[in-house]
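Examination of the molecular architecture
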Amino acid sequence: MVDDSEAPQWPPIDSSVPHSARIWNYWLGGKDNYPIDRAVGEDIKKVFPGIVLTALADRAFLGRVVWHLVNEVGIRQFLDIGTGLPTVDNTHEVAQRIAPECRIVYVDNDPLVLTHARALLTSSAEGATAYIDADVHDPEHILAQARETLDFDRPVAIMLLGIVHFILDDEEAQAIIKRLLDAVPSGSYLAMTHACDFVNAEEIHANIREWNQHGTPKMTVRSYDQVSRLFDGLELVEPGLVSLPRWRPEASLWGEPPELPGICALARKP
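Procedures and definitions
Residues numbered from 1 in each chain as written. Predicted model: local features only at pLDDT ≥ 70, side-chain atom pairs only at ≥ 80, totals over all residues. Heavy atoms only, no water. Helix = DSSP H or I, 4+ residues; strand = E, 2+ residues; numbered from the N terminus. Buried < 20%, exposed > 50% of the residue type's maximum accessible area, 1.4 Å probe, protein only. Contact = heavy atoms within 4.5 Å. Phe/Tyr/Trp six-rings, centres within 6.5 Å; stacked < 30°, edge-to-face > 60°. Salt bridge = Lys/Arg side-chain N within 4 Å of Asp/Glu carboxyl O. Right-handed = clockwise from strand over helix to strand, strands pointing away. Pairing = 2+ DSSP bridges. Axes fitted to C-alpha atoms, helices over the stretch in contact; angles between N-to-C directions. Parallel < 35°, antiparallel > 145°, perpendicular 65-115°, else oblique. Left-handed = near helix turned anticlockwise from the far one by under 90°. Nonpolar A, V, L, I, M, F, W, Y, C, P; charged D, E, K, R; others polar.

Our next topic: the environment of Ile 75. Within the fold, Ile 75 resides in the loop between α3 (51–73) and β1 (77–81). Note on Ile 75: relative accessible area 4%, which makes it buried. For Ile 75 and Ala 157, which are 82 residues apart along the polypeptide, the C-alpha to C-alpha distance reads 7.0 Å. The residues contacting Ile 75, other than those within four sequence positions of it, are Leu 69, Val 70, Cys 102, Pro 155, Ala 157, Gly 187 and Tyr 189.

A separate point is the packing of aromatic side chains. Using the criterion set out here, one finds four aromatic pairs in the structure. Between Phe 61 and Trp 247, the aromatic rings sit 5.4 Å apart at their centres with planes inclined by 85°, giving edge-to-face as the arrangement. Within this pair, whereas Phe 61 is found in helix α3, its partner Trp 247 is found in the loop between β7 (242–243) and β8 (262–268), the two being separated by 186 residues in sequence. Considering the side-chain rings of Phe 198 and Tyr 224, the 6.3 Å spacing of their centres and the 50° angle between planes classify their relative orientation as tilted. One end of the pair, Phe 198, is in the loop between β5 (189–195) and α9 (201–214); the other, Tyr 224, is in helix α10 (residues 224–229), with 26 residues separating them in the sequence.

Below, the discussion takes up unusual backbone geometry. At the junction of Glu 238 and Pro 239, the peptide bond is cis and its omega measures out at 10° in the coordinates. Tracing the backbone through its elements, the reader meets Pro 239 in the loop between β6 (235–236) and β7. Its identity as a non-glycine residue notwithstanding, Asn 200 has a phi of 50°, on the positive side. As for its placement among the helices and strands, Asn 200 is situated in the loop between β5 and α9. A positive phi angle is found at Arg 248, which is not glycine, with a value near 45°. Checked against the element boundaries, Arg 248 lands in the loop between β7 and β8.

The subject of this paragraph is the pattern of salt bridges. What the rule picks out here adds up to eleven salt bridges. The salt bridge partner of Asp 37 is Arg 22, with a shortest N-O separation of 2.7 Å. Of this pair, Asp 37 sits in helix α2 (residues 35–47) while Arg 22 is found in helix α1 (residues 20–27), placing the two residues 15 residues apart along the sequence. When sorted by exposure, Asp 37 lands in the same class as Arg 22, which is buried. Its salt-bridge partner being Lys 45, residue Glu 42 comes within 3.0 Å of it at the nearest N-O pair. On the criterion of helical spacing, the pair formed by Glu 42 and Lys 45 is a turn pair, its members being three residues apart in helix α2. Judged by its relative accessible area of 28%, Lys 45 is partly exposed. Put simply, Arg 22, Asp 37 and Asp 110 are held in one network by salt bridges that share partners.

For the rest of this paragraph, the subject is the pairing of β5. Judged by how many residues are buried, β5 sits mostly within the fold: seven of seven residues are covered. Burial of β5 is two-sided: the residues Tyr 189, Ala 191, Thr 193 and Ala 195 facing one way and the residues Leu 190, Met 192 and His 194 facing the other way are all buried. Between the parallel pair strand β4 (residues 157–161) and β5, the chain is carried across by helix α8 (residues 170–182), and the sense of this crossover is right-handed. Examined bridge by bridge, β5 and β8 share seven bridges and lie antiparallel to one another. Following the sheet pairing, Ala 191 is matched in β8 by Leu 266.

We now examine the packing of helix α7 (residues 139–146) against α8. Two elements in contact, α7 and α8, have axes whose closest approach is 10 Å; the angle formed by their N-to-C orientations is 20°. When the interaxial angle is binned, α7 and α8 end up roughly parallel. α8 is crossed by α7, and the crossing has right-handed handedness. Only Ile 176, Arg 179 and Leu 180 of α8 make contact with α7, whose side of the interface consists of Pro 139, Glu 140 and Leu 143. Here the contact of α7 with α8 is built from residues that sort into four nonpolar, no polar and two charged.

The subject of this paragraph is the pairing of β1. Most of β1 is tucked away, with five of its five residues classed as buried. Burial along β1 is two-sided: the face carrying Gln 77, Leu 79 and Ile 81 and the face carrying Phe 78 and Asp 80 are both buried. With five bridges connecting them, β1 and strand β2 (residues 103–108) associate as parallel partners. Note that in β2 the partner of Asp 80 across the bridge is Tyr 106.

Spelled out as structure tokens, the structure:
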């Protein structure tokens, strides 16, 4: 349980400025957002109607990849960076449902996410959860704080879902990912989702322009090859780097799911 008397003081929430976590929450059908977030969310939907399906597909990937990591690989530790606002089946809920001893560290830098951190700290008695107020651009701080909960001598799954496209510079994105992976041992994993222009390129670029005009933080879209390079040195797990709904989807009578302009992959550190 979080003791209010011991809680640090974080920056105040500015409800006049739209924020990615709150807009994403709106697209997922959540209620933890402000009128400005809903207005920008609607503007982006007009430019790119498929954004809601993409947001839902990103969330569904989280559930499938955590299930795979815990149930089929045996991972028991997660570093979830760019957590976003709590919703149904957060990482610790999926993981601890299978293995109650799982330990999860969440990282985000939106004050509104912090106010909901209690929902992310409802760990099973056997496991543990923690929340770090930090920016993905500062991996050293993240790693230092995460070590208080996670054992970096044992495999860790690093979750970067919908966060790397907010790192605008390619070299910086590669350097941050490398630093995070350097801190964890062989047998650790990287799960990532990223905005990509390999389908509906015109729409997705228009969506990014709309976002960067009104939203915060600014974001970029990368090509399939650019995202692929972010996994250099890692062993991609089948089916590799694919559209969000096509990573190990549940069997369906309607065949393969449609492609969306967001891609995902899971990869193992050798």
